[in-house]
Amino acid sequence: MRDIYAYDDLQNDLTGENAPVAPHRVAPSGLRHSIRPRRALVVQPAADEPVKAAPAVHSQVAPYEGRYVPDPSLPRWHELSTIEAGTRKKAGPTALPVVDANRETSSVRAFDLLRTRLRQTTQEHGWTNIAITAPTSGCGTTFTAVNLALSLSRIQGSRTVLMDFNLRQPGIATALDVSTGSTMSDFLGGHIPAGDHMVRVSDTLALGLNAAPDANAAETLQAAATAHTLERMRAALQPELVIYDMPAMLAHDDVSAFLPHLDGVLLVSDGTQTMGRELMECERMLDGQVPLLGVVLNRARANSIPRYG
């Protein structure tokens with residue numbers, strides 16, 4: 001690495017047994033994030049110095065203005081079927097930790113701070129559609145999306161929709177220990193009514209789940225039927241935020257295909273594997289299209305995270 005971006009803004013940590021660790025890796029865990037990045041500085045890191053990257057400020061996109069009025073045939077928020085999320089934590093080596101049980105842990109506080117910064121930024125600009133992605137697979141996008149959505153759902157009177165848009169490797173149903181019988185591709189293609197696909201787990205959180213992988217994920221995401229279905233869904237449910245859990249940007253063209261539908265992107269960086277050049281390539285792909293709202297550093301080295309009493 002020759003150059004990396006360093007930032008001076010919000011920092012927080014996610015530590016403890018609930019923090020995910022990549023298979024066959026043992027590393028101190030942590031999370032920090034910056035939703036409103038300040039001035040970026042170019043520095044020369046030491047050869048063994050961990051990469052710390054943050055986005056430059058991008059041009060803003062126009063707020064979402066739906067073309068649809070609520071369809072009387074579609075269910076409203078309170079009419080969605082309600083399901084109960086499970087309580088599974090780490091049931092197996094690949095089980096996804098959900099850090100929502102103890103409000104006093106540093107893990108929950110980290111996501112609450114991320115939630116608040118995100119809400120401030122999206123409300124300021126009138127944004128609704130936010131993608132959670134990463135440069136490469138295994139960085140913790142589903143972990144971040146699920147726990148961010150759970151944190152958002154604790155705000156009384158709010159409405160958050162969490163969509164499983166990692167169509168190649170769906171994971172939200174497993175993370176929340178719920179079952180689903182329909183696929184996201186059938187819903188987006190208009191073959192399954194919204195009332196049969198969308199469910200609520202609380203008064204403030206609704207889910208769009210996926211029962212099976214879609215080999216044609218990128219084609220599904222850029223189909224005209226997908227745009228039509230999502231606009232009708234948002235018009236009917238009137239969510240404050242829609243969080244899309246998406247696959248890695250550099251692995252497939254799924255995220256690029258869906259960029260026209262997004263208001264902003266949160267990028268998850270794995271402190272044990274993500275390279276600075278990968279973050280900059282993602283930034284280049286987003287430049288001029290969708291604002292990069294910030295970088296969430298997952299599995300950070302414990303000694304690199306400031307602690308505040």
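All figures in this text were calculated on a predicted structure; none of them were measured in a lab. (Residues numbered from 1 in each chain as written. Predicted model: local features only at pLDDT ≥ 70, side-chain atom pairs only at ≥ 80, totals over all residues. Heavy atoms only, no water.)

Enquirer: Would you mind showing me how to read the overall build of the chain here?
Expert: Along the chain, the regular secondary structure elements total nine helices and 11 strands. Scored against the burial criterion, the 309 residues of the chain give a buried share of 53%. Restricting the contact set of the chain to residue pairs at least 6 apart, pairs at least 24 apart contribute 83%. A total accessible area of about 13,800 Å² is found for the chain, and carbon and sulfur atoms account for 48% of it. (Helix = DSSP H or I, 4+ residues; strand = E, 2+ residues; numbered from the N terminus. Buried < 20%, exposed > 50% of the residue type's maximum accessible area, 1.4 Å probe, protein only. Contact = heavy atoms within 4.5 Å. Areas by Shrake-Rupley, 256 points an atom, 1.4 Å probe, with all protein chains shown as cover.)

Enquirer: When you look at the packing of aromatic side chains in this model, what are you seeing that I'm missing?
Expert: One pair of aromatic rings is described through two measures. These are the centre distance and the angle between the planes. Enumeration according to the criterion identifies four aromatic pairs in this entry. Consider the rings of Phe111 and Phe143, whose centres lie 5.7 Å apart with planes at 75°: the pair is edge-to-face. Of this pair, Phe111 sits in helix α1 (residues 106–125) while Phe143 is found in helix α2 (residues 141–153), placing the two residues 32 residues apart along the sequence. Under the relative-accessibility criterion, Phe111 is labelled buried at 2%. You can call Phe143 buried: its relative accessible area is 1%. (Phe/Tyr/Trp six-rings, centres within 6.5 Å; stacked < 30°, edge-to-face > 60°.)

Enquirer: Looking at this structure, how should I read the pairing of strand β8 (residues 205–208)?
Expert: Residues Leu205 and Leu207 line one face of β8 and the alternating positions Ala206 and Gly208 line the opposite face, and both faces are buried. Here strand β6 (residues 160–164) pairs with β8 via four bridges, running parallel. Note on β8: the bridge partner recorded for Val161 is Ala206. With antiparallel pairing between neighbouring strands as the criterion, strand β7 (residues 199–200) and β8 make up a hairpin whose turn holds four residues. (Pairing = 2+ DSSP bridges.)

Enquirer: Whenever I open this one, the nonpolar core confuses me. Can you help?
Expert: The tendency in soluble globular proteins is for nonpolar side chains to be buried side by side. With 37 residues, the main nonpolar core has Met163, Phe165 and Tyr244 as its most contacted residues. What Phe165 contacts, discounting residues up to four positions off in sequence, is Met184, Leu188, Leu221, Leu230, Tyr244, Asp245, Met246, Pro247 and Phe258. Of all hydrophobic cores here, the second largest spans 31 residues; its members include Ala145, Leu150, Ile172 and Leu266. (Core = buried A, V, L, I, M, F, W, Y, C linked by side-chain atoms within 4.5 Å.)

Enquirer: I'm lost on the pattern of salt bridges in this one. Help?
Expert: In this structure the tally under the stated criterion is six salt bridges. Here Asp112 makes a salt bridge to Arg154, at a shortest N to O gap of 2.6 Å. Linking Asp112 in helix α1 with Arg154 in the loop between α2 and β6, this pair joins segments that are 42 residues apart in sequence. Using a relative accessible area of 10% as the deciding quantity, one classes Asp112 as buried. Overall, the relative accessible area of 25% leaves Arg154 in the partly exposed class. (Salt bridge = Lys/Arg side-chain N within 4 Å of Asp/Glu carboxyl O.)

Enquirer: Teacher, can you tell me more about the confidence of the model for the chain here?
Expert: Detailed reading of the predicted model is not advised wherever pLDDT is low. Of the residues in the chain, 69% reach a pLDDT of 70 or more, and the chain-wide mean stands at 78. Every residue in residues 1–31 scores below 50 in pLDDT, and together they form 109 contacts with partners more than four places removed in sequence or on other chains. Every residue in residues 36–66 scores below 50 in pLDDT, and together they form 77 contacts with partners more than four places removed in sequence or on other chains. (pLDDT = per-residue confidence, 0-100.)

Enquirer: Would you mind showing me how to read the packing of α1 against α2 here?
Expert: Across the interface, α1 lies against α2 with an axial gap of 9 Å and an inter-helix angle of 75°. Relative to α2, the element α1 is oriented roughly perpendicular. Taken together, the residues of α2 that come into contact with α1 (itself represented by Phe111, Asp112, Leu114, Arg115, Leu118 and Arg119) are Phe143, Thr144, Asn147, Leu148, Ser151 and Leu152. Its residues assigned to classes, the contact of α1 with α2 shows six nonpolar, three polar and three charged. (Axes fitted to C-alpha atoms, helices over the stretch in contact; angles between N-to-C directions. Parallel < 35°, antiparallel > 145°, perpendicular 65-115°, else oblique. Nonpolar A, V, L, I, M, F, W, Y, C, P; charged D, E, K, R; others polar.)

Enquirer: It is not clear to me how the pairing of strand β10 (residues 264–270) should be interpreted in this structure. Could you clarify?
Expert: For a regular strand, side-chain orientation follows a simple rule: the groups alternate between the two sheet faces. Extensive coverage of β10 is indicated by the burial of seven of its seven residues. Every second residue of β10 is oriented toward a common face, with Gly264, Leu266, Val268 and Asp270 on one face and Val265, Leu267 and Ser269 on the other, all of them buried. Pairing geometry for strand β5 (residues 129–133) and β10, over four bridges, is parallel. Following the sheet pairing, Thr133 is matched in β10 by Leu267. As paired strands, β10 and strand β11 (residues 292–298) are joined by six bridges and run parallel to one another. If you follow Leu267 over to β11, its bridge partner there is Val295. In this region the chain leaves β10, passes through helix α9 (residues 276–286) and returns to the parallel neighbour β11; the handedness of that crossover is right-handed. (Right-handed = clockwise from strand over helix to strand, strands pointing away.)

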